Each structure stands twice: as structure tokens, then as C-alpha cells.
Amino acid sequence: MRVVLDTNILLSALISPHGISDKIYRAWRLGRFDLVTSLIQLDELRRASRYPKFKTVLQPARVGAMINNLQHAIILNHLNIKEEANDPGDAFLISMSSEGKADYLVTGEKRAGLLQRKSIGRTRVLTPTDFCGKILKN
């Protein structure tokens, strides 16, 4: 099973080490699913982790460890971003889902419209809670 995790899920895993996003991240690390990422997402993760609002809650060493771990995911080097998203910053997630042949896109972003889509081609869009409850089941 191939999964795309929105960058907000990855950041949440770093902020709350025992939360649901961290559970998903740990499940990937344990080989429960294949993670699809991209150079664009890795850059976004690096950039977002330096935002002033995260300076007090994110440890640079943990961010670096996550980025190093993500080198073991399926990395899409080039994305052909065609589809539009309500939030233009999320268009790459749609492309990652399509081009990476993902079964699921996990996002907590309700206002950007990804969850309202429910699917992107073959990719089902789920909240972290739904993904854990329906897919990971422990």
C-alpha cells in the first residue's frame, strides 16, 4: 500500500511524539506501508520547520532525523503539477498522489479542500484518525 502524508502530518508527528500523526509515521518506519514523498515536500518540510512559530517546539535534530529517514521513502524527483488545488501550496500533494500511484493521502487540512475531495483518481483522501482506524487498525 502506498501512502502520501501531507507535510502537516509530518510536522505534527515531530510536535506531538505520542500523537496520532506520530503513530502513522512510526507505522511507516515499521514497514506497514510504503511512503511516497518528493523533493518538493522535503524542501517544504525543511522550510516550514524553520518558521518562527515552530522554533520553540521543533528540535532541529529531530527534523534532521526525519528528513534522513524520508530518504528511504519512494521519492519523486520531478512532479508534473497539472491539477489545481484550493490552496495552490497543496497542488504538489495531488501530483504526488497521482504520480506516486498512492492508495491514500492523509491530511489534517480541512480548510484547503483536500478532505472535501474524498479522492484524487485512485487515491482516497483520509484524516489521520480515519487512516489509523480504517487502515492501520493498531
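First things first, this report covers the structure right here in the doc. (Residues numbered from 1 in each chain as written. Predicted model: local features only at pLDDT ≥ 70, side-chain atom pairs only at ≥ 80, totals over all residues. Heavy atoms only, no water.)

Remarks on the overall build of the protein chain
Then, in step 1: Within the protein chain one finds 8 helices and 6 strands.
Then, in step 2: Listed by position from the N terminus, the elements making up the protein chain come as β-α-α-β-α-α-α-β-α-β-α-β-β-α.
Then, in step 3: The C-alpha atoms of the protein chain give a radius of gyration of 14 Å, which matches the 14 Å a tight globule of 138 residues would have.
Then, in step 4: For the protein chain, the C-alpha atoms occupy an extent of roughly 35 × 30 × 30 Å along the three principal directions.
Then, in step 5: The buried share among the 138 residues of the protein chain stands at 48%.
Then, in step 6: Looking at the protein chain alone, contacts between residues at least 24 apart form 63% of all its contacts between residues at least 6 apart.
Then, in step 7: A total of about 7,400 Å² of accessible surface is found on the protein chain, and carbon and sulfur atoms cover 49% of it. (Helix = DSSP H or I, 4+ residues; strand = E, 2+ residues; numbered from the N terminus. Rg over C-alpha atoms; globule rule 2.2 N^0.38 Å. Buried < 20%, exposed > 50% of the residue type's maximum accessible area, 1.4 Å probe, protein only. Contact = heavy atoms within 4.5 Å. Areas by Shrake-Rupley, 256 points an atom, 1.4 Å probe, with all protein chains shown as cover.)

Topic: the packing of helix α2 (residues 20-29) against helix α8 (residues 128-136)
Then, in step 1: Relative to each other, α2 and α8 sit at 45 degrees, their axes nearing to 9 Å. The angle between the axes of α2 and α8 places the two elements in the oblique class. Helix-helix and strand crossings are classified by hand; for α2 and α8 the assignment is left-handed. In this structure, α2 uses I20, S21, K23, I24 and A27 to contact α8, whose residues at the interface are P128, T129, F131, C132 and L136. (Axes fitted to C-alpha atoms, helices over the stretch in contact; angles between N-to-C directions. Parallel < 35°, antiparallel > 145°, perpendicular 65-115°, else oblique. Left-handed = near helix turned anticlockwise from the far one by under 90°.)

Some thoughts on the nonpolar core
Then, in step 1: Of all hydrophobic cores here, the largest spans 29 residues; its most connected members are L5, I24, F33, M66, L70 and F131.
Then, in step 2: Residue assignment for this core shows that the elements contributing at least two residues are β1 (2-5), α1 (7-15), α2, α3 (39-48), α5 (60-70), β4 (104-106) and α8.
Then, in step 3: At 5 residues, the largest contribution of residues to this core is made by α1.
Then, in step 4: Those residues within four positions of L70 in sequence are excluded, and the remaining contacts are L10, W28, L35, T37, L42, L45 and I75. (Core = buried A, V, L, I, M, F, W, Y, C linked by side-chain atoms within 4.5 Å.)

As for α8
Then, in step 1: All of the buried residues along α8 are P128, F131, C132 and L136. All buried residues of α8 project into a common sector of 95 degrees when viewed along the axis, lining one side.
Then, in step 2: Looking at the buried positions of α8, the neighbouring elements they touch are β1, α1, α2, β4 and β6 (123-126).
Then, in step 3: Positive backbone phi, approximately 40 degrees, marks K137, located one or two places after α8. (Arc of directions from axis to C-beta.)

Quick look at the pattern of salt bridges
Then, in step 1: Counted according to the given criterion, the structure contains 3 salt bridges.
Then, in step 2: Notably, a salt bridge pairs D103 with R122, separated by 2.5 Å at the nearest N-O pair. In this pair, D103 sits in the loop between α6 (91-99) and β4 while R122 sits in the loop between β5 (119-120) and β6, placing the two residues 19 residues apart along the sequence.
Then, in step 3: The class for D103 is partly exposed, based on a relative accessible area of 23%.
Then, in step 4: Given a relative accessible area of 53%, R122 falls into the exposed group. (Salt bridge = Lys/Arg side-chain N within 4 Å of Asp/Glu carboxyl O.)

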